[in-house]
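Chain residues, written in single-letter form:
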Amino acid sequence: MAVSLQKGQKVDLTKGNPGLSKIVVGLGWDVNKYDGGADFDLDASAFLLTGAGKVASDNDFVFYGNLKHSSGSVTHLGDNLTGEGDGDDEQIKVDLASVPATVEKIDFTVTIYDADNRKQNFGQVSNAFIRIVDESNNKELIRYDLGEDFSVETAVVVGELYRNNGEWKFNAIGSGFSGGLAALGKNFGVNV
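Quick look at the structure, then. No experiment lies behind these values; they were computed from the predicted model shown. (Residues numbered from 1 in each chain as written. Predicted model: local features only at pLDDT ≥ 70, side-chain atom pairs only at ≥ 80, totals over all residues. Heavy atoms only, no water.)

### Section: empty space enclosed by the protein
Part 1 of the argument: Under the counting rule described, the total for this entry stands at one cavity of 30 Å³ or more.
Part 2 of the argument: One number sums up the size of the largest cavity: a volume of about 110 Å³.
Part 3 of the argument: Along the wall of the largest cavity there are 16 residues; nearest its centre are F122, V125, A128, L146 and F150.
Part 4 of the argument: Top contributing element to the lining of the largest cavity by residue count: strand β9 (residues 125-134), with five residues.
Part 5 of the argument: Of the residues assigned to the lining of the largest cavity, the class counts are eleven nonpolar, four polar and one charged. (1 Å grid on protein atoms, 1.4 Å probe; cavity = no way out; pocket = protein on both sides within 12 Å on 5 of 7 lines; lining within 4 Å. Points joined across faces, edges and corners; volume = space filled by probe spheres on them. Helix = DSSP H or I, 4+ residues; strand = E, 2+ residues; numbered from the N terminus. Nonpolar A, V, L, I, M, F, W, Y, C, P; charged D, E, K, R; others polar.)

### Section: the sheet that holds strand β7 (residues 90-95)
Two pairing modes exist for strands in a sheet, parallel and antiparallel, and in both the strands are linked by backbone hydrogen bonds.
Part 1 of the argument: If you trace the six strands from one edge of the open sheet to the other, you get β1-β10-β9-β3-β7-β6, paired in mixed fashion. Each edge of the sheet is formed by a strand with only one pairing partner; in this case those strands are β1 (3-5) and β6 (74-76). For this sheet, the mean angle separating the axes of adjacent strands, direction not counted, is 20°. (Pairing = 2+ DSSP bridges. Axes fitted to C-alpha atoms, helices over the stretch in contact; angles between N-to-C directions.)

### Quick notes on the packing of aromatic side chains
Part 1 of the argument: Applying the stated rule across the entire model yields six aromatic pairs.
Part 2 of the argument: Consider the rings of F47 and F61, whose centres lie 4.6 Å apart with planes at 10°: the pair is stacked. Remark: F61 occurs in strand β5 (residues 61-62) and F47 occurs in strand β4 (residues 42-49); sequence separation between them is 14 residues. Like F61, F47 is buried.
Part 3 of the argument: One aromatic cluster is present, built from ring pairs that chain together F47, F61, F63, Y64, Y113 and F188.
Part 4 of the argument: Against the face of F129 rests R143, its NZ or CZ located 4.2 Å from the ring centre. (Phe/Tyr/Trp six-rings, centres within 6.5 Å; stacked < 30°, edge-to-face > 60°. Buried < 20%, exposed > 50% of the residue type's maximum accessible area, 1.4 Å probe, protein only. Lys NZ or Arg CZ within 6 Å of the ring centre and 35° of its normal.)

This is how it looks when you write it as structure tokens:
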């Protein structure tokens, strides 16, 4: 059974799952009643960060415009433009064994595309979650349900994988940002 986390909790990923290398990070959400006339397009992204908490280059930002990291260790499986249906709305595959040694953390985020123009924010989103699945057997290992803590934010750092003494751990973050993808990118050192 998956470990269910609360905001701020950290849990071992590889220590309790020896041999784990290939995982799928699934992100999902539902949109509350909304009649603004535009689709609600949420986008998952991954930032591969150095110990300083910044990307080494813009290529360390994996999203709908850069689906695969140059190392092959992180691959975005494509943009879901509506978030319709059950289960994961977007997925990012991670091969932990191939993540470059210079990368100490991988932060997973969700942003609302064109949020300001569409007058959309995370206060209009419900049932948001991140989950970590073992790709070899499709077993859910970790799940973090974000809850309804947001109002005007247009970007959320959902969670992060990080290295600790040669093992990978997961941290449930759930921290909101205003300013969408541009503000988030700037925070992580991406030239936006």
